[in-house]
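Structural characterization, general
Here's the letter readout for the chains.
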Amino acid sequence: METDCTSDDKHVNDTRAAGGRPAPLPTGTRLLHIGPHKTGTTAIQGALFAAKDRMPERGVVFPATSRHPMQAVLAACARSGMMGDTTPTEQHWTRFVEQVRATGRSTSVISSEFFADAPDDETIERIVGQLGGERVHVLVTLRPLVRIMPSQWQQYVQNGLRMSYEEWLEHMLRKAPYEKPNPSFWRRHRHDRLVERWVRVVGADRVTVVVVDDRDRDGLMRTFEALLGLPDRLLQPVPDTANRSLTLAETEMLRNLNKEFRGNGLPDELYSRLVRHGAVMHMKNACSPTSRDVRISTPAWAAEAAAAIGAEMTGRIEAMGVRVIGDPGLLSAVPKPAHRPAQEAGQPEEEPRISPEVAAQALYGALAAVAAEPAGKARTVHGTPSKELVRVLGHRCLKRLRRR
């Protein structure tokens, strides 16, 4: 989907140093990037982790042993992991806090979109207090809802959702209180309320909002460099095929598999191991989308509704007095319809079809996950070995694919 990005620059109220870069934060700041999801978080985390050994000579530390301290943050926010994954424990968070404290008086940067899931002020106060109290400066990255919604839907499908995109949009935009089937969506993406929750704890002077401009692919990295006082181009994109969004056909294949999975009462742990970490992960790594793949397209009514909500959120955020970097007008821009060659030629709209190669790679990923299971450790459902279960799953999946 292409967005009409024309907007009025008079709304931009960021503070800039010489050369047009945002002014850096004070030395010793603990920059806490809270996302939310689908706003460039994975790209930033990958770039920060790749530059981890070069930043300390510039006085900046990335206090994590992995790209994303997800388990620690889930524990801090009292959230379970993805469907079927092991539930994080308080020890994950305690160890991470120790890593942050070990940075001493250096400037440090912490990034996880799951901070946006903090359920209440008390949890936010605890997080901020343990990460440095008054040294903490909160960074929120925002993108237009119309860009976020298709990405978030396919991500929910990867966690077991069975609703079609149209049906999901109906629930999120037209069926109050808009909490089913995914109550986390508006917790994360009612951005004015998200900013407001963190402002209540740290104050408006310690919150920065960055509006991500999708036309400028490296813009977010340059903003992080400026805020952290790092030299230009130190942060570089890191390819991450495992984080790519699914095409419409891939998502529909997975959504139909989710129906079969739930309909047959199979356990969540099996879904996590064989489907998400097996079939889907291998499919993402082995197959790249092409220009012929049908992308997830948001209908006009939903795009207009999302833009209206974006305008409302923008007004409230600007009224809070937080620092805003970028053009808030992008958050309420109404997108242009996506252009499809088949439509321009007067042909009927192309049906999303998954290629035999993609289907084979997905099935192979599930089989490889079974093969990786240690010998003698077969898991059972009502006494049935997991190898037999994956055979049944594969058979049903292929049957469904043939019908499609």
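See the structure above.
If you're wondering where the values come from, they're calculated on a predicted model, not measured in any experiment.

Considering the packing of helix α5 (residues 145–157) against helix α6 (residues 165–173)
Direction vectors running N to C along α5 and α6 enclose 110°, while the axes themselves pass 11 Å from each other. Looking at the two axes, α5 sits roughly perpendicular to α6. The element α5 and its partner α6 pack so that their crossing is right-handed. Contacts from Met-149, Pro-150, Trp-153 and Tyr-156 of α5 reach α6 at Tyr-165, Trp-168, Leu-169, Met-172 and Leu-173. For the contact of α5 with α6, the per-class residue count stands at nine nonpolar, no polar and no charged.

A look at the pairing of strand β2 (residues 30–33)
Of the two faces of β2, both are covered, the one formed by Arg-30 and Leu-32 as well as the one formed by Leu-31 and His-33. Across four bridges, the pairing between β2 and strand β4 (residues 107–111) is parallel. From the neighbouring strand, Arg-30 faces β4, where its bridge partner is Ser-108. Taken together, the four bridges between β2 and strand β5 (residues 136–142) define a ladder with parallel strand orientation. For Leu-31, the partnering residue across the bridge sits in β5 and is His-137.

Some remarks on unusual backbone geometry
Cis rather than trans, the peptide bond between Gly-35 and Pro-36 has omega equal to 10°. Residue placement: Pro-36 occurs in the loop between β2 and α1 (41–50). One non-glycine residue, Ala-78, lies in positive phi territory at about 55°. Of note, Ala-78 is situated in the loop between α2 (70–76) and α3 (90–101). Positive phi, normally seen in glycine, also occurs at Tyr-178, with a value near 65°. By the element assignment, Tyr-178 lies in the loop between α6 and α7 (184–189).

Section: the packing of α3 against helix α4 (residues 121–131)
Close contact between α3 and α4 brings their axes to 9 Å; oriented N to C, the two are set at 40°. When the axis of α3 is compared with that of α4, the two are oblique. Here α3 contributes Glu-90, Trp-93, Phe-96, Val-97, Val-100 and Arg-101 to the contact with α4, which in turn contributes Arg-126, Ile-127, Gln-130 and Leu-131. Considered class by class, the residues forming the contact of α3 with α4 number six nonpolar, one polar and three charged.

Regarding the pattern of salt bridges
Inspection of every chain in the model, using the stated rule, returns 21 salt bridges. Between Arg-143 and Asp-214 there is a salt bridge, with its nearest N and O atoms 2.9 Å apart. Here Arg-143 is found in the loop between β5 and α5, whereas its partner Asp-214 is found in the loop between β6 (207–211) and α9 (219–228), with 71 residues between them in sequence. Relative accessible area serves as the criterion here: at 14%, Arg-143 is assigned to the buried category. With its nearest N and O atoms 3.2 Å apart, the salt bridge here joins Glu-196 to Arg-316. Of this pair, Glu-196 sits in helix α8 (residues 191–202) while Arg-316 sits in helix α12 (residues 300–319); the two residues are 120 residues apart in sequence, bridging distant segments of the chain. Salt bridges sharing partners connect three or more residues here, namely Arg-190, Asp-192, Glu-196, Glu-312 and Arg-316.

Quick look at the packing of aromatic side chains
Going through the model one piece at a time under the given rule, you end up with nine aromatic pairs. Relative to Phe-115, the ring of Trp-93 has its centre 6.3 Å away and its plane inclined at 75°; by these criteria the two rings are edge-to-face. One end of the pair, Trp-93, is in helix α3; the other, Phe-115, is in the loop between β4 and α4, and 22 residues separate them in sequence. Just as Trp-93 is buried, Phe-115 falls in that class too. These aromatic residues form a ring-pair network of at least three members: Trp-153, Tyr-156, Tyr-165, Trp-168, Phe-185 and Trp-186. In this arrangement the basic side chain of Arg-174 is found over the ring face of Trp-301, its NZ or CZ atom lying 3.6 Å from the centre.

Comments concerning the sheet that holds strand β7 (residues 323–325)
What the six strands build is an open sheet, ordered β3-β4-β2-β5-β6-β7; its pairing is parallel. Edge positions in the sheet fall to β3 (60–61) and β7, since each of these pairs with one other strand and no more.

What counts as what
Residues numbered from 1 in each chain as written. Predicted model: local features only at pLDDT ≥ 70, side-chain atom pairs only at ≥ 80, totals over all residues. Heavy atoms only, no water. Axes fitted to C-alpha atoms, helices over the stretch in contact; angles between N-to-C directions. Helix = DSSP H or I, 4+ residues; strand = E, 2+ residues; numbered from the N terminus. Parallel < 35°, antiparallel > 145°, perpendicular 65-115°, else oblique. Left-handed = near helix turned anticlockwise from the far one by under 90°. Contact = heavy atoms within 4.5 Å. Nonpolar A, V, L, I, M, F, W, Y, C, P; charged D, E, K, R; others polar. Buried < 20%, exposed > 50% of the residue type's maximum accessible area, 1.4 Å probe, protein only. Pairing = 2+ DSSP bridges. Salt bridge = Lys/Arg side-chain N within 4 Å of Asp/Glu carboxyl O. Phe/Tyr/Trp six-rings, centres within 6.5 Å; stacked < 30°, edge-to-face > 60°. Lys NZ or Arg CZ within 6 Å of the ring centre and 35° of its normal.

Geometric values such as these leave the question of function open.
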